[in-house]
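# Structure assessment
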Amino acid sequence: MTSLTVEALTASYDTTVALQEVSFTIPGGAALGLIGPNGAGKSTLIKAAAGLLPKQGNVHYGDLEVEALSMRELAALRAYVPQQSEAALPYTVAEAVAMGLAHQSRFYGTPAEPARVARALAEVGFEKSATARWDHLSGGEQQQVLLARALVASPDVLILDEPVSALDFKHRTQLVKTLKQRVAQGATLLVSLHDLALAALLCERVLLLAHGRVLALGTPHEVLTPEILGAAYGVPVVCGTHPTLHTPTVELDPRAWQ
Ligand code: ADP
């Protein structure tokens, strides 16, 4: 198992300071949900944690500092799924998923491993043929393929930026099941989510970012309160409890428009 530690992480774009002094540790085999309003710095934090952005501060996978790793070593340790899918490229679904194995092949070719590719596609509930063209898929189907590409090599650390944004209820459920299984098997998960109730049922801890800083870090019950969320999002919200899991739920508050 591999822990993910972020220490005093600061990141900027030109004149915008997007993240300031963010610190946390995710023990190996644990899940941290990243929440916060638009522009809070979630995607910046995800990219910096994935080793894809210049930064100040430290990011460690286990004992290894991210900047000391080659792209191939990094790819073997962690998978990153961006929020937006990449450019429309004329690959098949199977080819796109197999790219998640490229670091294992000597010349960075994509090894033909149809059984592993099929297993990863089943894990995300992809229902079309693996010979379908990637650029002919719907947004939700493309998101499933990117997730399968992240899962196919079974990396120790999964870093996912809004992985359910385009998924329907059935595929959300399937992904929650798969991610819970992966974490139970020892994977370390950092996942940004706008759906706060989903963060609560997927992650044992959540980190609330606002204006690039950590506003709260704790269990879902500690962080998902009307006071804390109202301050972070700038609107009142209604907090409840999931009827069977007893995790917090968060709904829009009609007082905001009545
Ligand atoms: P979130 O994911 O929480 O919505 P982001 O990390 O995308 O937030 O953005 C944090 C801040 O950094 C925002 O103010 C955003 O405008 C800015 N930002 C993000 N990406 C860029 C970029 N490529 N160039 C300049 N500013 C950026």
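Thresholds applied
Residues numbered from 1 in each chain as written. Predicted model: local features only at pLDDT ≥ 70, side-chain atom pairs only at ≥ 80, totals over all residues. Heavy atoms only, no water. Pairing = 2+ DSSP bridges. Helix = DSSP H or I, 4+ residues; strand = E, 2+ residues; numbered from the N terminus. Contact = heavy atoms within 4.5 Å. Axes fitted to C-alpha atoms, helices over the stretch in contact; angles between N-to-C directions. Near = heavy atom within 4 Å. Polar contact = N/O pair within 3.5 Å; in protein donor to acceptor, adjacent residues only side chain to side chain. Areas by Shrake-Rupley, 256 points an atom, 1.4 Å probe, with all protein chains shown as cover. Nonpolar A, V, L, I, M, F, W, Y, C, P; charged D, E, K, R; others polar.

### Here's the deal with the sheet that holds strand β1 (residues 4-13)
Spatially, β2-β1-β4-β5 is the arrangement adopted by the four strands of the open sheet, whose pairing is antiparallel. Here the strands that pair on one side only, and so sit at the sheet edges, are β2 (16-26) and β5 (64-65). Both β1 and strand β4 (residues 56-61) contribute to a ladder of five bridges, which runs antiparallel. Bridge pairing in β4 links L4 to Y61. Each of β1, β2 and β4 is contacted by helix α1 (residues 42-49), which is oriented at about 120 degrees to β1, the strand it contacts most.

### Here we look at the site of the ligand
As a structural note, the neighbourhood of the ligand is formed by Y13, A18, P37, N38, G39, A40, G41, K42, S43 and T44. One of the backbone N or O atoms of A40 is found 3.1 Å from an oxygen atom in the ligand. A distance of 2.8 Å separates an oxygen atom of the ligand from a polar backbone atom of S43. When isolated, the ligand has an accessible area of 570 Å², and the protein chains bury 59% of it. For the shell around the ligand, the element with the highest residue contribution is α1, accounting for three residues. When grouped by side-chain class, the residues that make up the shell around the ligand number four nonpolar, five polar and one charged.

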